[in-house]
Amino acid sequence: MATTLAKIAEIEAEMARTQKNKATAHHLGLLKARLAKLRRELITPKGGGGGGPGEGFDVAKTGDARIGFVGFPSVGKSTLLSNLAGVYSEVAAYEFTTLTTVPGVIRYKGAKIQLLDLPGIIEGAKDGKGRGRQVIAVARTCNLILIVLDVLKPLGHKKIIENELEGFGIRLNSKPPNIGFKKKDKGGINLTATCPQSELDTETVKSILAEYKIHNADITLRSDVTADDLIDVVEGNRVYIPCIYVLNKIDQISIEELDIIYKVPHCVPISAHHRWNFDDLLEKIWDYLKLVRIYTKPKGQLPDYTSPVVLPYSRTTVEDFCMKIHKNLIKEFKYALVWGSSVKHNPQKVGKDHTLEDEDVIQIVKK
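Residues numbered from 1 in each chain as written. Predicted model: local features only at pLDDT ≥ 70, side-chain atom pairs only at ≥ 80, totals over all residues. Heavy atoms only, no water.

This next bit is on the overall build of the protein. Tallying secondary structure elements over the protein gives 11 helices and 16 strands in all. For the protein, with 367 residues in total, the buried portion stands at 44%. At a minimum sequence separation of 6, the contacts of the protein that also span at least 24 residues come to 68%. Working note: accessible area of the protein is about 19300 Å², and carbon and sulfur atoms make up 52% of it. (Helix = DSSP H or I, 4+ residues; strand = E, 2+ residues; numbered from the N terminus. Buried < 20%, exposed > 50% of the residue type's maximum accessible area, 1.4 Å probe, protein only. Contact = heavy atoms within 4.5 Å. Areas by Shrake-Rupley, 256 points an atom, 1.4 Å probe, with all protein chains shown as cover.)

Written as structure tokens, this is what we have:
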């Protein structure tokens, strides 16, 4: 392990002492690619039958969405979790006894949201230290990450945590880079850029790909991208997760400071201890999760508004809705009647490809 770590440190040192300019861009691109490869080795160790699976850290996925809480010790994560779960939760704590990270499930606007404390993600986890690796595997499956910071010393912590998460291939609050990448069997490397590039040129792209032993590929750069973006696309194991910074302990600062914090993007100031501003936090969580609630209506009855079927915003067709309820439902599906903002008439007859919107009401008609 140390060898990989040593190599990483060596490359990082070299990158730090290399000036950034056009002449060195090529070299830096190569170093970045090497670094990305080494990092991946750390996260997914090679070979070795190994001593069985590690300490159980697989958390059963329950509910409609999963939120991971990350933060240094003593910034008030546990207080925040227990107070959030305590204030809004309907789930008793004894449902989960054995699993290490499930502190609770809250119900908010009808959706069940699982809150996970991700311990020990800090400092050195991405270098494979400690339980880091399992924690990260769980972190990568979250729909949203909340970084809990102490309002008195936020920025140092924020940097460290972001670096750790980036090191695991988790990208916060960003979209996948707009790069088309297609491997081929022959024909060399074919680079097309649809707009001027400030960082990448054919040379750099070729050297980064050569580092991955890719010598034949079509690459389309559709926006002004960086070497890191290209590496993300080639690695292909990146997850893009929205993130909210929760600034805790606001009872210790002045109103003027609070006003400034309010203007920071992706930021919510709270006090976990006094339970201040939780509704704001939950509202923001809801915005970032982008869940879609669908109410069901049995024939001849009123819609059931108490327990919606909750879908992720990327998959909201009628077919997805059917699959969520039961996979056999789609076989018997004839058509659906939908009321709500996704249709022109109320009700409207739709097929299985119709896309539903938040708070639509649906009635399935079977064959």
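Spatially, the six strands line up as an open sheet ordered 2-3-1-4-10-11, and their pairing is mixed. For this open sheet the edge positions go to strand 2 (104–108) and strand 11 (267–269), each flanked by a neighbour on one side alone. The sheet shows a mean angle of 25 degrees between the axes of neighbouring strands, direction not considered. In this structure, strand 4 (residues 144–150) lies alongside strand 10 (residues 243–248), joined through six bridges in parallel fashion. (Pairing = 2+ DSSP bridges. Axes fitted to C-alpha atoms, helices over the stretch in contact; angles between N-to-C directions.)

As a further point, take unusual backbone geometry. Between Asn346 and Pro347 the backbone carries a cis peptide bond, its omega angle lying at -10 degrees. Position of Pro347 relative to the elements: it lies in the loop between strand 14 (333–339) and strand 15 (348–350). For His266, which is not a glycine, the phi torsion comes out positive at approximately 60 degrees. By secondary structure assignment, the location of His266 is in the loop between helix 8 (255–262) and strand 11. By relative accessible area, His266 is classed as partly exposed at 28%. Of note in this structure, Glu359 is not a glycine but carries a positive phi near 65 degrees. Its location among the elements puts Glu359 in the loop between strand 15 and strand 16 (360–366). Since its relative accessible area comes to 42%, Glu359 is described here as partly exposed.

Turning our attention to helix 10 (residues 318–325). Taken together, the buried positions of helix 10 are Val318, Phe321 and Cys322. Summarising the axial view, the buried residues of helix 10 lie within an arc of 100 degrees, below the 170-degree limit, and thus occupy one face. Packing partners of the buried residues in helix 10 comprise strand 12 (291–296), strand 13 (304–312), helix 11 (329–332), strand 14, strand 15 and strand 16. (Arc of directions from axis to C-beta.)

It is worth spelling out the nonpolar core at this point. Of all hydrophobic cores here, the largest spans 55 residues; its most connected members are Ile67, Phe69, Leu80, Ile145, Ile147 and Ile285. In terms of residue count, the dominant contributor to this core is helix 9 (residues 278–289) (seven residues). Residues in contact with Ile145, not counting those within four places in the same chain, are Gly68, Val70, Ala139, Leu165, Ile170, Leu172, Ile241, Pro242, Cys243 and Ile244. By size, the runner-up hydrophobic cluster in this structure holds 18 residues, among which are Ala33, Ala36, Ile179 and Leu221. (Core = buried A, V, L, I, M, F, W, Y, C linked by side-chain atoms within 4.5 Å.)

A complete count under the given rule lists two aromatic pairs for this structure. Where Tyr108 meets Trp286, the ring centres are 6.1 Å apart and the plane angle is 75 degrees; that geometry is what we call edge-to-face. Here Tyr108, found in strand 2, pairs with Trp286, found in helix 9; they are 178 residues apart in sequence, far enough to count as distant. The class of Tyr108 is buried, set by a relative accessible area of 13%. By relative accessible area, Trp286 is classed as buried at 7%. Measuring from centroid to centroid gives 4.8 Å for Tyr295 and Tyr305, while their planes differ by 75 degrees, and the two rings are edge-to-face. Here the residue Tyr295 occupies a position in strand 12, and Tyr305 occupies one in strand 13, the gap between them amounting to 10 residues. Residue Tyr295 is classed as buried on the basis of its relative accessible area of 7%. (Phe/Tyr/Trp six-rings, centres within 6.5 Å; stacked < 30°, edge-to-face > 60°.)

Inspection of the secondary structure puts Arg238 in the loop between helix 7 (227–235) and strand 9 (239–241). Polar contacts involving the side chain of Arg238 include one to the side chain of Asp232, which spans 2.8 Å. Beyond its immediate sequence surroundings of up to four residues, Arg238 is in contact with Ala36, Arg140, Gly169, Arg171, Ile231 and Asp232. (Polar contact = N/O pair within 3.5 Å; in protein donor to acceptor, adjacent residues only side chain to side chain.)

This paragraph deals with the sheet that holds strand 6 (residues 179–183). Strand order in this open sheet of three strands is 6-8-7, and the pairing throughout is mixed. Looking at strand neighbours, the two that pair on one side only are strand 6 and strand 7 (189–193), the edges of this open sheet. Each strand axis lies, on average, 5 degrees off the axis of its neighbour in the sheet, ignoring direction. Here strand 6 pairs with strand 8 (residues 217–221) via five bridges, running antiparallel. Within the sheet, the bridge partner assigned to Ile179 lies in strand 8 and is Leu221. Together, strand 6, strand 7 and strand 8 form the strand contacts of helix 6 (residues 202–211), whose direction differs from that of strand 7 by roughly 135 degrees. Its contacts with the sheet put helix 7 on strand 6 and strand 8, and the angle it makes with strand 6 is roughly 45 degrees.

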